[in-house]
Amino acid sequence: MKKSFKFLNIFLVAIMAISIFSFPASAASSAKYDLGFDVNAKAYIVVSLDTGETVFEKDADQQYTPASLTKLMTAYVVMKNVEDLDGTMVTAPASVYDELYGTNSSTADIRKGETLSVRQLLYALLLPSANEAANILADYVGNGYSENFYMMMNSEAQKLGCTNTHFSSAHGLFAENNYTSARDMYLIAKACYETPGFMDIVQTTRYQLPANTKHDSPYYILSTVKMQNPSSPYYRSYVHGMKTGSLDEIGHNFVSLCQQNGESYICVVIGANKSEDPGAAFTTTAGIMDYFFANYSMRNANNSAYPVTEVPVKYSADADTVLLYADTPVMAILPNDADETSFQKVYNLPESASAPINEGDVIGTVDYYLAGEKIGTSQLVSHDTIERNFVMFVVGKFRERYQSLYFRVVLCVTAVLLIGYGIMCYVHFKKNEKIQKVRRSR
(Lines give C-alpha, C1' and ligand atoms only; values in the text may rest on other atoms or scores of the structure.)
Protein backbone atom coordinates (compact mmCIF):
# COMPACT_ATOMS: atom_id res chain seq x y z
CA MET A 1 0.00 0.00 0.00
CA LYS A 2 2.77 2.45 0.94
CA LYS A 3 4.51 1.77 -2.37
CA SER A 4 1.28 2.55 -4.20
CA PHE A 5 0.93 5.90 -2.41
CA LYS A 6 4.58 6.70 -3.13
CA PHE A 7 4.04 6.02 -6.83
CA LEU A 8 0.89 8.20 -6.80
CA ASN A 9 2.77 11.11 -5.20
CA ILE A 10 5.53 10.90 -7.82
CA PHE A 11 2.93 10.84 -10.57
CA LEU A 12 1.13 13.94 -9.23
CA VAL A 13 4.38 15.87 -8.88
CA ALA A 14 5.25 15.05 -12.49
CA ILE A 15 1.85 16.25 -13.68
CA MET A 16 2.24 19.52 -11.73
CA ALA A 17 5.70 20.07 -13.20
CA ILE A 18 4.39 19.57 -16.72
CA SER A 19 1.55 22.03 -16.12
CA ILE A 20 3.92 24.65 -14.69
CA PHE A 21 6.48 24.52 -17.48
CA SER A 22 4.05 24.17 -20.37
CA PHE A 23 2.44 27.11 -22.17
CA PRO A 24 1.47 29.64 -21.12
CA ALA A 25 4.53 30.40 -19.01
CA SER A 26 4.53 33.39 -16.69
CA ALA A 27 7.16 36.08 -17.09
CA ALA A 28 9.19 37.63 -14.30
CA SER A 29 8.56 41.18 -15.53
CA SER A 30 6.40 43.07 -18.01
CA ALA A 31 6.74 42.36 -21.71
CA LYS A 32 9.52 44.47 -23.22
CA TYR A 33 10.91 45.16 -26.66
CA ASP A 34 14.49 45.82 -27.65
CA LEU A 35 15.08 49.44 -28.57
CA GLY A 36 17.62 48.23 -31.10
CA PHE A 37 20.06 51.13 -30.83
CA ASP A 38 22.10 52.94 -28.20
CA VAL A 39 20.99 56.26 -26.77
CA ASN A 40 22.66 58.92 -24.68
CA ALA A 41 21.48 57.92 -21.19
CA LYS A 42 22.66 55.93 -18.20
CA ALA A 43 19.14 54.56 -17.70
CA TYR A 44 15.69 54.87 -19.23
CA ILE A 45 12.24 53.34 -19.13
CA VAL A 46 9.07 53.75 -21.19
CA VAL A 47 5.80 52.48 -19.69
CA SER A 48 2.26 52.55 -21.06
CA LEU A 49 -0.24 54.27 -18.78
CA ASP A 50 -3.03 52.44 -20.61
CA THR A 51 -1.84 48.86 -20.06
CA GLY A 52 1.04 49.09 -17.59
CA GLU A 53 3.37 47.42 -20.09
CA THR A 54 7.05 48.28 -19.96
CA VAL A 55 7.95 48.95 -23.59
CA PHE A 56 11.67 49.75 -23.36
CA GLU A 57 14.11 49.86 -20.47
CA LYS A 58 17.79 50.03 -19.67
CA ASP A 59 19.27 49.73 -16.16
CA ALA A 60 15.87 50.79 -14.84
CA ASP A 61 16.57 49.50 -11.32
CA GLN A 62 20.00 51.06 -10.87
CA GLN A 63 20.27 53.88 -8.34
CA TYR A 64 21.09 57.33 -9.72
CA THR A 65 20.89 60.93 -8.60
CA PRO A 66 17.50 62.35 -9.62
CA ALA A 67 18.58 66.02 -9.36
CA SER A 68 15.47 68.18 -9.76
CA LEU A 69 13.31 65.19 -10.62
CA THR A 70 13.14 65.11 -6.83
CA LYS A 71 10.60 67.93 -7.11
CA LEU A 72 8.03 65.54 -8.55
CA MET A 73 7.86 63.82 -5.17
CA THR A 74 7.91 67.19 -3.42
CA ALA A 75 4.88 68.29 -5.43
CA TYR A 76 3.11 64.96 -4.86
CA VAL A 77 3.53 65.16 -1.06
CA VAL A 78 2.43 68.80 -0.97
CA MET A 79 -0.69 68.15 -3.07
CA LYS A 80 -1.63 65.18 -0.88
CA ASN A 81 -1.35 67.22 2.30
CA VAL A 82 -2.75 70.63 1.34
CA GLU A 83 -6.45 70.58 0.57
CA ASP A 84 -6.92 74.19 -0.59
CA LEU A 85 -4.06 75.06 -2.95
CA ASP A 86 -5.40 78.54 -3.71
CA GLY A 87 -6.58 79.54 -0.26
CA THR A 88 -3.52 78.34 1.64
CA MET A 89 -1.03 81.19 1.79
CA VAL A 90 2.61 80.67 2.77
CA THR A 91 5.21 83.27 3.72
CA ALA A 92 8.80 82.48 2.75
CA PRO A 93 10.94 82.18 5.93
CA ALA A 94 14.52 83.44 5.81
CA SER A 95 15.92 80.13 7.07
CA VAL A 96 15.07 78.20 3.91
CA TYR A 97 17.53 80.25 1.86
CA ASP A 98 20.62 79.44 3.92
CA GLU A 99 21.66 76.28 2.06
CA LEU A 100 21.05 77.91 -1.32
CA TYR A 101 23.49 80.81 -0.94
CA GLY A 102 26.31 80.67 -3.50
CA THR A 103 24.89 77.70 -5.41
CA ASN A 104 23.69 79.77 -8.40
CA SER A 105 20.86 77.26 -8.67
CA SER A 106 17.48 77.58 -10.38
CA THR A 107 15.07 80.08 -8.86
CA ALA A 108 11.77 81.85 -9.39
CA ASP A 109 13.04 84.96 -7.57
CA ILE A 110 10.79 84.37 -4.57
CA ARG A 111 12.20 86.58 -1.84
CA LYS A 112 12.27 86.35 1.94
CA GLY A 113 8.99 87.44 3.49
CA GLU A 114 6.97 87.11 0.28
CA THR A 115 3.57 85.50 0.64
CA LEU A 116 2.25 83.24 -2.13
CA SER A 117 -0.43 80.58 -2.39
CA VAL A 118 0.58 76.94 -2.40
CA ARG A 119 -0.56 76.67 -6.02
CA GLN A 120 1.69 79.58 -7.03
CA LEU A 121 4.58 77.94 -5.19
CA LEU A 122 3.89 74.68 -7.06
CA TYR A 123 4.11 76.52 -10.38
CA ALA A 124 7.43 77.98 -9.26
CA LEU A 125 8.59 74.53 -8.15
CA LEU A 126 7.68 72.69 -11.34
CA LEU A 127 8.14 75.23 -14.16
CA PRO A 128 11.49 77.02 -13.58
CA SER A 129 12.42 74.34 -11.00
CA ALA A 130 12.80 76.89 -8.21
CA ASN A 131 14.82 75.51 -5.33
CA GLU A 132 13.60 78.15 -2.88
CA ALA A 133 10.00 77.12 -3.70
CA ALA A 134 10.89 73.53 -2.79
CA ASN A 135 12.31 74.60 0.56
CA ILE A 136 9.39 76.92 1.33
CA LEU A 137 6.88 74.15 0.67
CA ALA A 138 8.89 71.56 2.61
CA ASP A 139 9.15 73.91 5.59
CA TYR A 140 5.41 74.62 5.53
CA VAL A 141 4.14 71.03 5.10
CA GLY A 142 6.81 69.74 7.50
CA ASN A 143 5.58 72.14 10.21
CA GLY A 144 8.80 74.10 10.24
CA TYR A 145 11.11 71.08 9.97
CA SER A 146 12.33 70.04 6.54
CA GLU A 147 13.44 66.68 7.95
CA ASN A 148 9.80 65.88 8.68
CA PHE A 149 9.02 66.55 5.04
CA TYR A 150 11.82 64.26 3.86
CA MET A 151 10.37 61.49 6.01
CA MET A 152 7.01 62.08 4.35
CA MET A 153 8.65 61.88 0.92
CA ASN A 154 10.29 58.55 1.74
CA SER A 155 7.11 57.19 3.27
CA GLU A 156 5.12 58.02 0.13
CA ALA A 157 7.83 56.52 -2.07
CA GLN A 158 7.56 53.27 -0.15
CA LYS A 159 3.75 53.29 -0.48
CA LEU A 160 4.09 53.72 -4.24
CA GLY A 161 6.28 50.61 -4.43
CA CYS A 162 9.65 52.32 -4.88
CA THR A 163 12.50 50.02 -3.87
CA ASN A 164 15.59 51.98 -4.98
CA THR A 165 14.71 55.47 -3.78
CA HIS A 166 15.68 57.70 -0.87
CA PHE A 167 15.21 61.45 -0.54
CA SER A 168 17.30 63.75 1.63
CA SER A 169 16.14 67.07 0.16
CA ALA A 170 13.05 68.63 -1.38
CA HIS A 171 14.88 70.07 -4.40
CA GLY A 172 17.56 67.51 -5.35
CA LEU A 173 20.32 70.09 -5.60
CA PHE A 174 22.66 67.92 -3.54
CA ALA A 175 23.40 64.32 -4.49
CA GLU A 176 24.35 62.90 -1.08
CA ASN A 177 21.87 60.19 0.04
CA ASN A 178 19.36 61.43 -2.55
CA TYR A 179 18.81 58.75 -5.15
CA THR A 180 16.23 56.93 -7.22
CA SER A 181 15.92 54.61 -10.23
CA ALA A 182 14.22 55.03 -13.58
CA ARG A 183 11.52 52.51 -12.62
CA ASP A 184 10.86 54.19 -9.28
CA MET A 185 10.72 57.57 -10.97
CA TYR A 186 8.08 56.18 -13.32
CA LEU A 187 6.00 55.15 -10.28
CA ILE A 188 6.34 58.64 -8.80
CA ALA A 189 5.50 60.32 -12.12
CA LYS A 190 2.45 58.07 -12.54
CA ALA A 191 1.22 59.03 -9.06
CA CYS A 192 1.69 62.70 -9.96
CA TYR A 193 -0.16 62.18 -13.25
CA GLU A 194 -3.11 60.74 -11.33
CA THR A 195 -3.17 63.63 -8.84
CA PRO A 196 -5.92 66.16 -9.73
CA GLY A 197 -4.48 69.47 -10.87
CA PHE A 198 -0.90 68.30 -11.29
CA MET A 199 -0.91 68.00 -15.08
CA ASP A 200 -2.48 71.46 -15.41
CA ILE A 201 0.68 72.83 -13.84
CA VAL A 202 3.35 70.89 -15.73
CA GLN A 203 1.67 71.33 -19.12
CA THR A 204 1.95 75.11 -18.73
CA THR A 205 4.82 76.73 -20.63
CA ARG A 206 4.73 80.04 -18.72
CA TYR A 207 2.94 81.33 -15.65
CA GLN A 208 2.49 84.77 -14.14
CA LEU A 209 3.39 85.32 -10.51
CA PRO A 210 1.64 88.31 -8.92
CA ALA A 211 3.01 91.60 -7.67
CA ASN A 212 3.54 91.70 -3.91
CA THR A 213 5.56 93.36 -1.20
CA LYS A 214 8.86 92.34 -2.85
CA HIS A 215 7.83 92.72 -6.52
CA ASP A 216 6.25 95.90 -7.76
CA SER A 217 4.67 94.23 -10.79
CA PRO A 218 3.68 90.73 -11.94
CA TYR A 219 6.29 88.67 -13.75
CA TYR A 220 6.41 85.45 -15.75
CA ILE A 221 8.19 82.21 -14.95
CA LEU A 222 8.98 79.77 -17.76
CA SER A 223 8.94 75.98 -17.96
CA THR A 224 12.24 74.15 -18.44
CA VAL A 225 10.42 71.49 -20.51
CA LYS A 226 11.48 72.75 -23.93
CA MET A 227 9.98 69.75 -25.72
CA GLN A 228 6.48 71.21 -25.25
CA ASN A 229 7.46 74.66 -26.51
CA PRO A 230 6.66 74.96 -30.26
CA SER A 231 9.43 77.54 -30.72
CA SER A 232 12.12 75.16 -29.40
CA PRO A 233 14.26 72.95 -31.67
CA TYR A 234 13.53 70.12 -29.20
CA TYR A 235 9.75 70.44 -29.65
CA ARG A 236 7.62 67.33 -30.05
CA SER A 237 3.84 67.60 -30.22
CA TYR A 238 3.40 64.39 -28.24
CA VAL A 239 5.17 65.73 -25.10
CA HIS A 240 2.74 67.12 -22.54
CA GLY A 241 4.82 68.24 -19.62
CA MET A 242 6.52 66.79 -16.51
CA LYS A 243 9.98 67.62 -15.17
CA THR A 244 13.66 68.13 -15.92
CA GLY A 245 16.66 67.73 -13.64
CA SER A 246 20.36 68.39 -14.07
CA LEU A 247 23.52 68.03 -11.98
CA ASP A 248 27.17 67.62 -12.90
CA GLU A 249 27.17 64.31 -10.99
CA ILE A 250 24.53 62.73 -13.21
CA GLY A 251 23.99 64.84 -16.35
CA HIS A 252 20.58 65.69 -17.79
CA ASN A 253 17.41 63.95 -16.57
CA PHE A 254 13.90 64.21 -17.96
CA VAL A 255 10.51 62.66 -17.13
CA SER A 256 7.86 63.23 -19.78
CA LEU A 257 4.25 62.41 -20.50
CA CYS A 258 4.00 61.38 -24.16
CA GLN A 259 0.56 61.11 -25.77
CA GLN A 260 -0.27 60.28 -29.36
CA ASN A 261 -3.08 58.44 -31.18
CA GLY A 262 -5.05 58.21 -27.96
CA GLU A 263 -2.20 56.39 -26.17
CA SER A 264 -0.31 57.65 -23.10
CA TYR A 265 3.22 56.81 -21.98
CA ILE A 266 5.66 57.97 -19.34
CA CYS A 267 9.26 58.15 -20.50
CA VAL A 268 12.05 58.51 -17.93
CA VAL A 269 15.57 59.38 -19.07
CA ILE A 270 18.38 59.56 -16.50
CA GLY A 271 22.00 60.60 -17.02
CA ALA A 272 22.14 61.97 -20.55
CA ASN A 273 25.59 63.43 -21.21
CA LYS A 274 25.10 67.13 -21.95
CA SER A 275 28.70 68.03 -22.73
CA GLU A 276 27.85 68.53 -26.42
CA ASP A 277 24.10 69.01 -26.13
CA PRO A 278 22.58 71.09 -23.29
CA GLY A 279 19.21 69.46 -23.97
CA ALA A 280 20.64 65.94 -24.13
CA ALA A 281 17.74 64.31 -22.29
CA PHE A 282 15.30 65.96 -24.71
CA THR A 283 17.25 64.58 -27.66
CA THR A 284 17.30 61.13 -26.10
CA THR A 285 13.57 61.26 -25.33
CA ALA A 286 12.85 62.28 -28.92
CA GLY A 287 15.03 59.46 -30.25
CA ILE A 288 13.22 56.84 -28.15
CA MET A 289 9.67 58.08 -28.61
CA ASP A 290 9.99 58.96 -32.32
CA TYR A 291 11.15 55.41 -32.91
CA PHE A 292 8.39 53.97 -30.75
CA PHE A 293 5.51 55.86 -32.35
CA ALA A 294 6.84 55.02 -35.83
CA ASN A 295 7.17 51.29 -35.17
CA TYR A 296 4.71 50.26 -32.44
CA SER A 297 1.04 50.70 -31.70
CA MET A 298 -1.66 49.61 -29.30
CA ARG A 299 -3.72 46.63 -30.48
CA ASN A 300 -6.93 45.07 -29.29
CA ALA A 301 -6.64 41.36 -28.55
CA ASN A 302 -10.40 40.89 -28.83
CA ASN A 303 -12.45 42.80 -31.36
CA SER A 304 -15.84 43.22 -29.70
CA ALA A 305 -17.52 43.40 -33.11
CA TYR A 306 -16.79 39.73 -33.80
CA PRO A 307 -17.45 36.55 -31.83
CA VAL A 308 -14.48 35.07 -30.00
CA THR A 309 -15.74 31.48 -29.96
CA GLU A 310 -18.89 29.39 -29.56
CA VAL A 311 -20.12 26.52 -27.39
CA PRO A 312 -22.82 23.87 -27.94
CA VAL A 313 -26.29 24.56 -26.54
CA LYS A 314 -28.49 21.98 -24.79
CA TYR A 315 -32.30 21.86 -24.58
CA SER A 316 -32.96 24.24 -27.49
CA ALA A 317 -34.72 23.59 -30.77
CA ASP A 318 -33.65 26.98 -32.15
CA ALA A 319 -29.85 26.83 -31.95
CA ASP A 320 -27.12 24.21 -31.74
CA THR A 321 -24.47 26.67 -30.55
CA VAL A 322 -24.26 30.10 -28.92
CA LEU A 323 -21.81 32.76 -30.14
CA LEU A 324 -19.68 34.31 -27.42
CA TYR A 325 -18.29 37.84 -27.43
CA ALA A 326 -15.69 39.44 -25.16
CA ASP A 327 -17.29 41.93 -22.76
CA THR A 328 -14.22 44.16 -22.33
CA PRO A 329 -11.29 44.99 -24.61
CA VAL A 330 -7.80 43.74 -23.76
CA MET A 331 -5.11 46.00 -25.17
CA ALA A 332 -1.40 45.41 -25.71
CA ILE A 333 1.47 46.97 -27.61
CA LEU A 334 2.69 45.25 -30.77
CA PRO A 335 5.18 46.10 -33.50
CA ASN A 336 3.42 47.50 -36.55
CA ASP A 337 4.52 44.52 -38.65
CA ALA A 338 2.84 42.06 -36.24
CA ASP A 339 -0.85 41.15 -36.26
CA GLU A 340 -3.44 39.89 -33.82
CA THR A 341 -2.24 36.30 -34.21
CA SER A 342 0.58 37.31 -31.87
CA PHE A 343 -1.91 36.98 -29.01
CA GLN A 344 -2.49 33.54 -27.53
CA LYS A 345 -5.89 32.68 -26.06
CA VAL A 346 -6.70 30.21 -23.30
CA TYR A 347 -10.42 29.53 -22.91
CA ASN A 348 -12.19 28.66 -19.67
CA LEU A 349 -15.50 27.31 -20.90
CA PRO A 350 -18.03 24.58 -20.05
CA GLU A 351 -18.50 21.72 -22.49
CA SER A 352 -21.93 23.14 -23.27
CA ALA A 353 -24.41 25.82 -22.18
CA SER A 354 -27.96 25.01 -21.11
CA ALA A 355 -30.96 26.91 -22.45
CA PRO A 356 -32.58 29.21 -21.55
CA ILE A 357 -29.74 31.68 -22.26
CA ASN A 358 -30.22 35.45 -22.18
CA GLU A 359 -28.25 37.96 -24.22
CA GLY A 360 -25.31 39.10 -22.10
CA ASP A 361 -25.20 35.99 -19.90
CA VAL A 362 -21.62 35.15 -18.86
CA ILE A 363 -20.73 31.70 -20.21
CA GLY A 364 -16.99 31.63 -19.49
CA THR A 365 -13.75 33.60 -19.73
CA VAL A 366 -10.74 33.87 -22.01
CA ASP A 367 -7.19 34.68 -20.88
CA TYR A 368 -4.91 36.53 -23.31
CA TYR A 369 -1.14 35.99 -23.44
CA LEU A 370 1.60 37.83 -25.28
CA ALA A 371 5.12 36.39 -25.40
CA GLY A 372 4.13 33.96 -22.65
CA GLU A 373 2.86 36.65 -20.28
CA LYS A 374 -0.76 37.04 -19.33
CA ILE A 375 -1.94 40.49 -20.37
CA GLY A 376 -5.62 40.31 -19.45
CA THR A 377 -8.88 38.41 -19.12
CA SER A 378 -12.30 38.99 -20.66
CA GLN A 379 -15.62 37.46 -19.78
CA LEU A 380 -17.32 35.68 -22.66
CA VAL A 381 -20.99 36.61 -22.93
CA SER A 382 -23.85 35.33 -25.05
CA HIS A 383 -24.71 37.33 -28.13
CA ASP A 384 -28.28 35.99 -28.38
CA THR A 385 -31.26 34.97 -26.32
CA ILE A 386 -32.00 31.25 -26.72
CA GLU A 387 -35.26 29.74 -25.42
CA ARG A 388 -35.58 26.31 -23.80
CA ASN A 389 -37.60 23.54 -25.49
CA PHE A 390 -39.56 21.73 -22.75
CA VAL A 391 -39.66 18.34 -24.44
CA MET A 392 -35.93 18.42 -25.23
CA PHE A 393 -35.27 19.50 -21.66
CA VAL A 394 -37.22 16.57 -20.17
CA VAL A 395 -35.68 14.05 -22.56
CA GLY A 396 -32.25 15.47 -22.03
CA LYS A 397 -32.53 15.41 -18.25
CA PHE A 398 -33.77 11.82 -18.33
CA ARG A 399 -30.90 10.85 -20.61
CA GLU A 400 -28.39 12.61 -18.37
CA ARG A 401 -29.76 10.88 -15.29
CA TYR A 402 -29.83 7.50 -17.02
CA GLN A 403 -26.23 7.93 -18.17
CA SER A 404 -24.98 9.01 -14.77
CA LEU A 405 -23.22 6.46 -12.54
CA TYR A 406 -25.40 7.41 -9.59
CA PHE A 407 -28.58 6.73 -11.55
CA ARG A 408 -27.25 3.39 -12.77
CA VAL A 409 -26.29 2.32 -9.26
CA VAL A 410 -29.72 3.31 -7.91
CA LEU A 411 -31.39 1.51 -10.82
CA CYS A 412 -29.38 -1.67 -10.19
CA VAL A 413 -30.06 -1.59 -6.46
CA THR A 414 -33.76 -0.99 -7.12
CA ALA A 415 -33.84 -3.89 -9.59
CA VAL A 416 -32.11 -6.19 -7.10
CA LEU A 417 -34.57 -5.17 -4.39
CA LEU A 418 -37.54 -5.70 -6.70
CA ILE A 419 -36.26 -9.12 -7.79
CA GLY A 420 -35.61 -10.03 -4.16
CA TYR A 421 -39.05 -8.84 -3.21
CA GLY A 422 -40.57 -10.86 -6.06
CA ILE A 423 -38.72 -13.98 -4.95
CA MET A 424 -39.89 -13.46 -1.37
CA CYS A 425 -43.49 -13.03 -2.54
CA TYR A 426 -43.22 -16.14 -4.67
CA VAL A 427 -41.80 -18.21 -1.80
CA HIS A 428 -44.44 -16.87 0.55
CA PHE A 429 -47.15 -17.68 -2.00
CA LYS A 430 -45.90 -21.28 -2.45
CA LYS A 431 -45.68 -21.75 1.28
CA ASN A 432 -49.27 -20.58 1.76
CA GLU A 433 -50.39 -22.74 -1.14
CA LYS A 434 -48.86 -25.82 0.51
CA ILE A 435 -50.51 -25.01 3.83
CA GLN A 436 -53.89 -24.70 2.16
CA LYS A 437 -53.48 -28.09 0.49
CA VAL A 438 -52.66 -29.69 3.82
CA ARG A 439 -55.73 -28.17 5.41
CA ARG A 440 -57.97 -29.38 2.61
CA SER A 441 -56.62 -32.93 2.87
CA ARG A 442 -57.76 -33.05 6.50
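Predicted, not measured: the structure shown is a model, and the values here were computed from it.

**So, the packing of helix α4 (residues 131-141) against helix α5 (residues 146-159)**
As a packed pair, α4 and α5 sit with axes 7 Å apart at the nearest point and diverge in direction by 90°. Accordingly, the angle class assigned to the pair α4 and α5 is roughly perpendicular. Across from A138, D139 and V141 in α4, the residues of α5 making contact are S146, F149 and M152. A per-class count over the contact of α4 with α5 returns four nonpolar, one polar and one charged.

**Considering the pattern of salt bridges**
If you walk through the whole model with that rule in mind, you get nine salt bridges. Residue R111 is joined to D109 by a salt bridge in which the shortest nitrogen-to-oxygen separation is 3.0 Å. Each of E57, D61 and R183 takes part in salt bridges that share partners, so that together they form one network.

**Examining the sheet that holds strand β16 (residues 362-370)**
Taking strand neighbours across the sheet as the criterion, the six strands line up as β14-β16-β17-β12-β11-β15 in an open arrangement whose pairing is mixed. In this open sheet, the two edge strands, each paired with only one partner strand, are β14 (343-348) and β15 (353-354). Alignment of strand β11 (residues 309-314) against strand β12 (residues 321-326), held across four bridges, turns out to be antiparallel. The residue of β12 that forms the bridge with P312 is T321.

**Examining the nonpolar core**
A general feature of soluble globular proteins is that nonpolar side chains tend to end up buried together. Ranked by size, the top nonpolar core spans 71 residues in total, and within it I110, L122, F149, F198, M242, V255 and V268 carry the most contacts. Non-local contacts of V255, meaning those with residues more than four positions away in its chain, are made with L69, L72, M185, A189, G241, M242, K243, I266, C267 and V268. In this structure, V55, F56, C258 and A286 belong to the second largest nonpolar core, which totals 29 residues.

**Brief notes about the packing of aromatic side chains**
A full pass over the atoms with the stated rule returns 14 aromatic pairs. Ring centres 4.7 Å apart and planes at 70° place the aromatic pair Y265 and F292 in the edge-to-face group. Of this pair, Y265 sits in strand β9 (residues 263-272) while F292 sits in helix α8 (residues 280-295), placing them 27 residues apart in sequence. Among the residues examined, Y265 registers a relative accessible area of 0% and is labelled buried.

**Here we look at the layout of surface pockets**
If you add up the space inside the largest pocket, you get close to 420 Å³. Lining the largest pocket are 23 residues; nearest its centre among them are S106, T244, G245, S246 and K274. The leading source of residues in the lining of the largest pocket is strand β7 (residues 239-247), at four residues. If you add up the space inside the second largest pocket, you get close to 160 Å³. Looking at the second largest pocket, the residues that line it are Y97, L100, Y101, G102, T103, N104, S105, S106, T107, N131 and E132. Of the residues belonging to the lining of the second largest pocket, the class tally is three nonpolar, seven polar and one charged.

About the thresholds
- Residues numbered from 1 in each chain as written.
- Predicted model: local features only at pLDDT ≥ 70, side-chain atom pairs only at ≥ 80, totals over all residues.
- Heavy atoms only, no water.
- Axes fitted to C-alpha atoms, helices over the stretch in contact; angles between N-to-C directions.
- Helix = DSSP H or I, 4+ residues; strand = E, 2+ residues; numbered from the N terminus.
- Parallel < 35°, antiparallel > 145°, perpendicular 65-115°, else oblique.
- Contact = heavy atoms within 4.5 Å.
- Nonpolar A, V, L, I, M, F, W, Y, C, P; charged D, E, K, R; others polar.
- Salt bridge = Lys/Arg side-chain N within 4 Å of Asp/Glu carboxyl O.
- Pairing = 2+ DSSP bridges.
- Core = buried A, V, L, I, M, F, W, Y, C linked by side-chain atoms within 4.5 Å.
- Buried < 20%, exposed > 50% of the residue type's maximum accessible area, 1.4 Å probe, protein only.
- Phe/Tyr/Trp six-rings, centres within 6.5 Å; stacked < 30°, edge-to-face > 60°.
- 1 Å grid on protein atoms, 1.4 Å probe; cavity = no way out; pocket = protein on both sides within 12 Å on 5 of 7 lines; lining within 4 Å.
- Points joined across faces, edges and corners; volume = space filled by probe spheres on them.

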